[in-house]
Each structure stands twice: as C-alpha cells, then as structure tokens.
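# An overview of the molecular structure
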Amino acid sequence: MEAPSAVDNEAQKIRAARSAVREVRDGMTVGLGTGSTAGFVIQQIGERVRTGLRIIGIPTSVTTAALAKVAGITTRDFDDLEVIDLAIDGIDAIDPQLRAIKGRGGAMLREKIVATAAVRMIVVGDASKSVANLAATLLPVEVLPFSLAFVAKTLGSLGVHAVLRLRSDGTPWFTDQRNIIVDCDISGCADVAALNAALVAIPGVLGHGLFLSEIDALYLGLPDGTVVYRERPQREQ
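Residues numbered from 1 in each chain as written. Predicted model: local features only at pLDDT ≥ 70, side-chain atom pairs only at ≥ 80, totals over all residues. Heavy atoms only, no water.

### So, the environment of Ala-107
The test is simple: Here a helix means four or more residues in a row that DSSP labels H or I, a strand means two or more in a row labelled E, and each is numbered from the N terminus. Every residue pair with non-hydrogen atoms within 4.5 Å of one another is taken to be in contact.
Tracing the backbone through its elements, the reader meets Ala-107 in the loop between strand S5 (100-101) and helix H4 (108-117). Placed 45 residues apart in sequence, Ala-107 and Val-62 show a C-alpha to C-alpha distance of 9.5 Å. Non-local contacts of Ala-107, meaning those with residues more than four positions away in its chain, are made with Thr-34, Thr-60 and Ser-61.

What follows is the structure, encoded as structure tokens:
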C-alpha cells in the first residue's frame, strides 16, 4: 500500500478545517493558531467573513496575523483580554486521550496561552497526526537563549536529547519572543505527564509543546473523505 501523499494529507486537513470552522459564530473572539493546518482554518474563516461573518481573531504569531489580514479577518492583540470564546489550531500529533504535541510552527507558548484562556479549544489534523504514543514525536521546547547549555544538560538528565532548531542558513530559529527552540527526542519518556511537570520546573524553559489538558475536541480528516469528530468529556483541570 502506498503511503499518503502530501496532497492527500492537505485535502484531509482542508476538510477537517471546514468542519471545525462551523463552530465559529457571529460575534466571537477566536484564537487563531500557527502553522500550515491553522492556515487552512484561517482561509475557511476568511471565506465566511466575506459572506458576512463578524468575528475578532486573536493571532498567536506574527505570521498568523499576516495571514488573517490577507483573509480579511479583523484581529486584536491578546494582551488586554482575559478570555476568548474559541481557539482553533493544528497539531503535530494527538493520542486517543486528546493529548497532543504542537509547536512545529514555533508558536507553542502563545498557542498554549490562548488555548488555556479559551472557553473552548478545538484542533484540526489529518490522519497521519493520530498516534498511539506521543513519545514518538519530537517535542519543541522554547528556551531563553541565556540558559541554553543549562537547559540542554538538565533535559539530558531526564533522558531527553535536545537539538537546537536552526534555519536553512545555519542560524538559530527564533520565536516571536526572540527565544530559541530545541526539538527534543522524548522516545525514552514513558510518562508524558511527568515530563510535563519536569519541564515546567526547569529555569530557562519558557514553554513547550505538550498540550495534555487544553484540547476539548478534535476534527480529524481521513483518507476516505470523511471527518472524525472526537470530544473530551470534560476538560481536565
């Protein structure tokens, strides 16, 4: 059997995004994620805006803000808001418990803030993102540059191998906050909840891509053209 092509995966994401965007209602404040899948969400919301939908988008990155502008979505900075109605984002991987890894687009810190502040958080993906074990996926961690060597050493003591994310020219990949990202092999970690607690306790770690309790629902596009909907019975505290 041939592996799904990038075009197939893209079509699955578009169908899932179209389904997820149906949750957007007139007058909402909507958190807009970062990355290729979130880009499809923004396109779908933009189509509805052009037919009369009125919302305020809360971008999670400079890149997302630019995409929203092109799509005709009115945006607002989050710094003077306490809560938003709905957040929609993509995922890098998601398990049967709706625990996910995010951050390939480098905005996981802002994405987690927006997801936590949202009354409801939904995610979108293609079938390849559904996994049995999150530990098989690289975990992005946002690090204060001043603390890189210390953080890398501490991660190593946890059995986590961290590699500095670089751009194509060999320079460090900086977040919108001007921090750096290390992509972590967590395949030796049997308990992602324990890893989450350990990461939070490391000085210099400013954010990471484990989303263990923030996600309320998933729209997953499948190769057969359908979209599977799954919901967490109750958001964990």
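From this point, the discussion proceeds with the structure in view.
### A word on H4
Just so we agree on the cut-off: Exposure categories follow from relative accessible area, calculated using a 1.4 Å probe and restricted to protein chains: below 20% of the type maximum is buried, above 50% is exposed, and the middle band is partly exposed.
Burial within H4 is extensive, with seven of its ten residues counted as buried. Within H4, burial applies to Met-108, Leu-109, Glu-111, Lys-112, Val-114, Ala-115 and Ala-117.

### A few points about the pattern of salt bridges
Close approach of charged atoms allows side chains with opposite charge to pair. The following threshold applies: The working definition used for a salt bridge is a side-chain nitrogen of Lys or Arg within 4 Å of a carboxyl oxygen of Asp or Glu.
One pass over the structure, following the stated rule, counts twelve salt bridges. Note that Lys-13 is salt-bridged to Asp-126, the shortest N-O span being 3.9 Å. Of this pair, Lys-13 sits in helix H1 (residues 6-21) while Asp-126 is found in strand S6 (residues 118-126), placing the two residues 113 residues apart along the sequence. For Arg-120, the salt bridge identified is with Glu-231, shortest N-O distance 3.1 Å.

### Quick notes on the sheet that holds strand S8 (residues 161-164)
Let me state the cut-off plainly: When DSSP finds two or more bridges between a pair of strands, those strands are recorded as paired. Every axis in this analysis is a line fitted to C-alpha atoms, fitted for helices over the stretch in contact. Angles between the N-to-C directions lie between 0 and 180 degrees.
Strands sit in the order S8-S9-S7-S10 across an open sheet of four strands; the sheet is antiparallel. A single partner strand is all that each edge strand has here, and the edge strands are S8 and strand S10 (205-208). On average, each strand axis in the sheet is inclined to that of its neighbour by 30°, with strand direction left out of account. Helix-sheet contacts for helix H5 (residues 148-157) involve strand S7 (139-143), S8, strand S9 (180-185) and S10, and the interaxial angle to S9 is about 15°.

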